[in-house]
Amino acid sequence: MPAYIGKRLLAAIPVILGLSIIVFLVMKLIPGDPAQALLGSYATPDNVARINRALGLDRSWPEQYVIWIGNLLQGDFGRSYILNRPVLDEVLERFGATLILAGASLVICSVLGILAGIVSAVRQFGWTDRIVTFFVLIGISMPAFFLGLVFILFFAVQWKMLPASGMYAVYGGGDLPDLLRHLILPAATLAIVATGVVARLTRAAMLEVLRQDFIRTARAKGLSENTVIYRHAFRAALVSIIPVLGIQAGFVLGGAVYIETVFQWPGLGQMLVKAVSTRDLLLVQGGVLIAATVYVLVNLLADVAQAMLDPRLKA
Amino acid sequence: MTNMAATTPPPARKRRSNWQLLMANRLAAAGLFLFGFIVIVALLAPVLPLPNPDITDQPNRLLPPFSAGHLFGTDHLGRDILSRLIWGTQVSLLVGISATALAALFGSLIGLVAGYARGATDSVLMRFVDMLMAFPYILLAIAIVAALGPGLLNALYAIAIVNIPFFARNIRGVTVSIRNREFVDAARLSGKGHAAVLFTEVLPNVLPVIVITMSTTVGWMILETAGLSFLGLGAQPPTSDLGSMLGQARAQLFTAPHASIVPGIMIFILVMSINLLGDGIRDVLDPRLRSGALDRPMPVTRIARKTRPAPTLPDAPALVVENLSTGFDTGDAITPAIRDVSFRLGKGECLGLIGESGSGKSVTALSLMGLVASPPGVITDGAVYIEGKDVLSLREQELIGLRGARVAYVFQDPLTTLHPLFTVGEQIAEAILAHDPIGRQAAHSRAVALMETVGIRDAASRASAYPHELSGGQRQRIGIAMALANDPDIIIADEPTTALDVTVQARILELLQQLRRERGLALLLITHDFGVVAQVCDRVAVMKNGEIVEQGDTRAILRDPQHDYTKRLIACVPELGEGHGFLDRVRPLFAEARP
């Protein structure tokens, strides 16, 4: 197993390098001359040349990339000129909040999605299946940013059950129960689409597995239907469900952008939206790169979990 | 091969056109009509009697729904929400569909070229696509909008770019699978250039996949562009789509919730109609879903017998099968697979059930314990008496209790019939524990003992191996050990040696023979090989087209076969050193049989 993990880690390095190249290239899409933009009315040809030299913009793209990645590796992601603080500090501070939100959603969507998927596969074409299918359809068609607003209207404004925004109460909050109370609505909203997707794929995976010869063998052994479904079929289906959960990690990390804006959750997504509006590009660059790196690592974890479940994959 | 017969019923229904199939799916039809209605209304926006969506009217701001002249009320600037909704829907549709078209165009192009060219081009293109996919979905779009600047067109590009990988991957997969098909080779040999082959031969065959991918992603893309607009990164005033309507109304959420709810529900309905339609299209174009191959099989085959036989049979041998008929439900009718099958099997006896593929041997074997996949399988008539009691009259739990305990199965291909994720020791122990709760430890040692019985050397350590780590012969021995787990009276071996090498075959048959002698087992051996029957069976029943055409003492039948089909089957066993003579001998027997 350690050898397998090591191999996967090595394979992740080029992927992360690739991510950095794409982020670098995207930033090169920016129309106009950055020095010109920076200098505004002071943009004499002389000044532009000086700024370009100072920022390293007079070098070739590959050179610029190498310098940039070298800085990143030393933890220098540049400074946010709007917030006037190092990008890395801001990103890491925000990322904690996003991880709490996205993590909670991932747990919700995995548990609920898998349960709903199994039940609807087992009761295929029955009422439970129809109800699950109906909710799945609503889930995957629902704009999360709208659902968040509806939740706020009902749970926070109408029934005053849960706080409408933020991560902690302004006065007297700050402990775990307070955090959980604030977490429920945004995490549930963020999980809704992913739950639908997981339920749908779990249902399909279960139905696929239930057709396999080894399920017939399990039945021929005289195992109870519960053992056949929850031990034999689910175990085999889980192998194809786990990568889907890995992908959902990406969806909740990205979807957090909407949810954090709707619920004023002080996370990375909210920061990114603000940074895009103020065109704080280094902050966008750093935030996206770090979130993407974490996503790659989560998928690596999913790969390892899959290999632990399926001995055939370890080779 | 026998499995095929058991799981896929003959497609007897006449094919309906794709359109008819789509309309037969009520949800998809509802989606289509809803979507069509939305599209038509959105397109008619310029001619509908609507107030100008951009005219502000401060005195009449935030009017509630159903106000005079404003069905859905007005927004924070006093603009008519209904009018803005219809115009906004037009923008959202246009943007979503354009993004889908762009993603489909570039994604499919990448997929086609990569899949067709293979080699370095393929690796470079697909590595690039993998990189795009390595981003958390919406974050890359945000980065692109950040670089290009907020705006509807830029949001459209961003969403299109992040969706390219879905198309590229799907289309590449299909392209790879057809690039070496005969018709593509033929086109190449006829002198067509690569581009011509790609676009005139490959593309038409890839088109369904492109359509499926488009229909399943367009709703998503509308949702995502609306999302970017909601965040203020897409449509900029005065242009507005559904997302930006919602985003602007958010500030008045508490005072005028309708201004948010109306566009929100519109996005939801639009996306849902597309998803319903998209699922319908996918179901129509995906042949697997059409055949019902993904129905969940029930624990016991459906039993719908025309007549109810006596529940018990006095003085019966170990197994009596009477007038057993099983068919496959094709929706309109039940296509029979076996008809009126009757035979008897005593303790310590071996009955061979022989016939060609599709003759109904496996369906017979599986019917005995209700193991025919159902749907579509249905037992339509007959009785199966185990020790004089009809198992098909038993309650489901009682029947399951007999499986593996009194009647055990050995299946054909042990690689697919053993669970790939459990060790073989676990699987044998599980069979024991299902009927005899003696505890894990005890079950494990009994499993190891059973493995030794069936001749697996070093059983204690092999018990922790997974099926894929064993050879075919060893796997079949595990299958037999599993069948022996509860000391059954009857073993049904369904082509137990077909997937094995000839030398291994002989040893497995020898093992079955030895076990039968030692334990007094009744053995029902299903095979297509008269050589095997001659070697091990006391009696033989010959099956053809779902019926038993001849049965009796093996030696008598070998000496004097009555039925033509039996003669042919016997003739098909080659003798060692016979050489060309074999074909000359067999050919005339089949000459008149050929249509």
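Residues numbered from 1 in each chain as written. Chains lettered and ligands numbered in written order. Predicted model: local features only at pLDDT ≥ 70, side-chain atom pairs only at ≥ 80, totals over all residues.

Undergrad: Please give an account of the overall build of chain B that cites residues and values.
TA: Tallying secondary structure elements over chain B gives 24 helices and 11 strands in all. Relative to a compact globule of 595 residues, whose C-alpha radius of gyration would be 25 Å, chain B shows 33 Å and is clearly more extended. Across its three principal directions, the C-alpha atoms of chain B cover 100 × 60 × 50 Å. Here chain B holds 595 residues, and the buried ones make up 47% of them. In chain B, once contacts between residues fewer than 6 apart in sequence are set aside, the share between residues at least 24 apart is 69%. (Helix = DSSP H or I, 4+ residues; strand = E, 2+ residues; numbered from the N terminus. Rg over C-alpha atoms; globule rule 2.2 N^0.38 Å. Buried ≥ 20, exposed ≤ 12 C-beta atoms within 10 Å, placed from the backbone. Contact = placed C-beta atoms within 7 Å.)

Undergrad: Report on the overall build of chain A, specifying residues and quantitative values.
TA: Across its full length, chain A carries 12 helices and two strands. Seen in sequence order, chain A has helices and strands lined up from the N terminus as α-α-α-α-β-β-α-α-α-α-α-α-α-α. Its C-alpha atoms put chain A at 85 × 55 × 35 Å along the principal axes. The buried share of chain A, taken over its 315 residues, is 44%. Across chain A, the fraction of contacts at a sequence separation of at least 24, relative to all contacts at a separation of at least 6, is 70%.

Undergrad: Account for the interface of chain B and chain A, naming residues and giving values.
TA: How big an interface is tends to be stated in terms of the accessible area lost upon association of its parts. Taken together, the contact between chain B and chain A spans 63 residues of the former and 65 residues of the latter. Mapped by element, the contributors of at least two residues to the side of chain B that touches chain A are α6 (137–148), α9 (194–230), α11 (258–285), α14 (396–402), α15 (414–417) and α16 (424–435) of chain B. Ranked by the residues each element gives to the side of chain B that touches chain A, the list is headed by α6(B), at 10 residues.

Undergrad: With reference to specific residues and values, describe the sheet that holds strand β10 (residues 539–544) of chain B.
TA: All names here are of chain B. One open sheet accounts for six strands, arranged β7-β8-β9-β4-β10-β11; its pairing is mixed. In the strand order of this sheet, the two ends are held by β7 (407–410) and β11 (547–553), each with one partner. For this sheet, the mean inter-axis angle between neighbouring strands, taken without regard to orientation, is 15 degrees. Here five bridges tie strand β8 (residues 490–494) to strand β9 (residues 522–527), and the two strands are oriented parallel to one another. Directly across from D494, in β9, lies its bridge partner I526. (Pairing = 2+ DSSP bridges. Axes fitted to C-alpha atoms, helices over the stretch in contact; angles between N-to-C directions.)

Undergrad: An account of the confidence of the model for chain B is needed here, citing residue identities and associated values.
TA: Residues and elements named next belong to chain B. Averaged over every residue, the pLDDT of chain B is 86; residues scoring 70 or more account for 95%. Considering only residues more than four positions removed or in separate chains, one finds that residues 1–13, a stretch of pLDDT under 50, has 31 contacts. If you check the scores for this complex, the pTM reads 0.86 and the ipTM reads 0.89. (pLDDT = per-residue confidence, 0-100.)

Undergrad: Quick one: what's the story with unusual backbone geometry, residue by residue and with numbers?
TA: The phi torsion of most residues other than glycine is negative, and most of the peptide bonds are trans. All names here are of chain B. Of the consecutive residues S374 and P375, the connecting peptide bond is found in the cis state with omega at 5 degrees. With respect to the helices and strands, the residue P375 is situated in the loop between α13 (361–367) and β5 (377–386). Here P375 and P376 are connected by a cis peptide whose omega angle stands at 10 degrees. Even without glycine at this site, L62 takes up a positive phi of about 55 degrees. Residue classification places L62 among the partly exposed positions, given that 17 C-beta atoms sit within 10 Å. Of note, E387 is a non-glycine position whose phi angle comes to about 50 degrees, a positive value. Turning to its location among the elements, E387 is positioned in the loop between β5 and β6 (389–390).

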